[in-house]
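# Tertiary structure, described
For reference, the chains in residue letters:
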Amino acid sequence: MDAISGYWAAVATIRVGLVADPAAPTEIARRMTDLRPLDGRDSWLVTVVSEPFTTGSEDVDRAKARLQERARRQDWDVVIGLTELPLHDDEGRHLLVDTDPAQRTAVLSLPALGGLRMRTRTRRAVRSLVSGMADPNTTDEHRVALPRVRGRWRLLMGMVLANRPWLLVPGLKSALVAALATGAVATVNSTVWLLAGSLSWWRLVIASVASIALVAAWLMIDGELWDRPDDDSPQARERSRLYNTSTLLTLLAGGLICYVALYVVNLAWAFFVLDPHVMGKYVNVPIGHTDLLVLAWFVASAATVGGGLGSSLESDEAIRAAAYSKREQDRRNRLEQERDDA
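Residues numbered from 1 in each chain as written. Predicted model: local features only at pLDDT ≥ 70, side-chain atom pairs only at ≥ 80, totals over all residues. Heavy atoms only, no water.

### Overview of the confidence of the model for the chain
Chain-level statistics for the chain give a pLDDT mean of 80 and a share of 81% at 70 or above. Confidence drops under a pLDDT of 50 for residues 1-5, and excluding neighbours within four residues, the segment shows 5 contacts in the predicted structure. (pLDDT = per-residue confidence, 0-100. Contact = heavy atoms within 4.5 Å.)

Here it is, written out as structure tokens:
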């Protein structure tokens with residue numbers, strides 16, 4: 001038996017370090033302290049550390065070097081980094097995982113898992129990585145690359161879900177209040193009734209799409225969320241495209257959630273204050289309760305534009321969290337602060 005095999009055979013408990021980027025990766029990692037091998041041959045002692053080890057973008061080798069340094073300081077046998085940033089190799093392919101079995105080190109990109117059932121998928125992936133690297137016969141580096149086209153869409157979906165677009169709603173409080181006020185006034189306006197009734201369904205659809213798109217564009221501009229490449233390299237340009245696409249999709253999803261909320265509130269308000277029979281007499285057009293659905297639809301579009309674009313954004317972390325570039329900047333600031341404190 002060689003030295004490495006003898007060492008691992010003598011170890012009763014394998015010390016596993018999980019180094020996770022702040023926020024969502026840390027939350028997922030902290031739920032895996034009870035992780036155990038399926039075969040039950042070894043005992044794992046899992047330690048979780050929250051640290052922005054991926055600062056410096058998707059440089060996998062640099063991230064692994066930081067993890068190896070942390071493992072030496074903590075006396076870990078195996079170390080795995082969990083990041084919410086996309087990783088890529090020298091050929092520009094996006095990576096799911098990159099391992100260095102000789103150093104018992106791996107980096108796992110969480111958005112590359114697709115964004116759905118993240119805790120289950122991450123737990124399965126981490127267990128597989130630890131089991132593989134704990135095997136003394138495993139010495140070759142291993143990289144799992146995503147398919148060029150399908151993998152990119154999977155990665156984007158994972159990035160958008162990692163942004164948690166539903167958390168944008170609290171960050172848009174002032175815009176939502178202004179939109180609700182606009183909708184409440186528009187609902188009792190006879191001109192709005194006539195306009196809503198005159199529009200065909202496809203024009204209402206266009207109005208909905210346009211209003212959500214305008215709000216998303218306004219958030220990108222007013223929040224200065226657009227990412228620009230650090231240099232002219234293809235990797236930097238691809239990273240910026242990926243960041244900007246995921247940010248825009250997140251804002252569109254958040255805007256859609258706000259739009260649906262506005263529609264529900266406006267519809268409830270319309271049913272509460274309006275009598276279709278009386279309203280029909282006032283505008284000389286027969287109106288039923290189903291027409292209130294169209295009215296609320298039109299009012300939601302108008303209120304989204306009027307309220308959303310007419311309000312300045314609040315300083316809210318939910319808005320900044322929608323942009324991967326902003327979170328990367330926050331990681332760099334945090335790492336610099338930790339270095340200064342040290």
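### Considerations on the packing of helix H5 (residues 150-163) against helix H10 (residues 234-273)
At their nearest, the axes of H5 and H10 sit 9 Å apart, and the two run at 55° to each other. Put simply, H5 runs oblique to H10. Judged by the sense of rotation from one axis to the other, the crossing of H5 with H10 is right-handed. Contacts from Arg152, Leu155, Leu156, Met159, Val160 and Asn163 in H5 reach Glu238, Arg241, Leu242, Tyr243, Thr245, Ser246, Leu249 and Thr250 in H10. Residues belonging to the contact of H5 with H10 are distributed by class as follows: 7 nonpolar, 4 polar and 3 charged. (Axes fitted to C-alpha atoms, helices over the stretch in contact; angles between N-to-C directions. Helix = DSSP H or I, 4+ residues; strand = E, 2+ residues; numbered from the N terminus. Parallel < 35°, antiparallel > 145°, perpendicular 65-115°, else oblique. Left-handed = near helix turned anticlockwise from the far one by under 90°. Nonpolar A, V, L, I, M, F, W, Y, C, P; charged D, E, K, R; others polar.)

### A few points about the nonpolar core
Grouped together as the largest cluster of nonpolar side chains are 34 residues, with contacts concentrated most on Leu18, Ile80, Leu82, Leu108 and Val126. The element best represented in this core is helix H4 (residues 118-133), accounting for 6 residues. Within the second largest apolar cluster, 14 residues are counted, among which are Leu168, Leu225, Cys258 and Leu262. (Core = buried A, V, L, I, M, F, W, Y, C linked by side-chain atoms within 4.5 Å. Buried < 20%, exposed > 50% of the residue type's maximum accessible area, 1.4 Å probe, protein only.)

### Considerations on the pairing of strand E5 (residues 94-100)
Most of E5 is tucked away, with 7 of its 7 residues classed as buried. Note that strand E4 (residues 87-88) and E5 share 2 bridges and pair antiparallel. Following the sheet pairing, Leu87 is matched in E5 by Leu95. As defined by bridge partners, E5 adjoins strand E7 (residues 142-145) across 4 bridges and the pair is classed as antiparallel. What sits directly across from Val97, in E7, is Val144. Counting the residues that bridge the hairpin from E5 to strand E6 (residues 105-109) gives 4 residues, and of these Arg104 lies at a positive phi of roughly 55°. (Pairing = 2+ DSSP bridges.)

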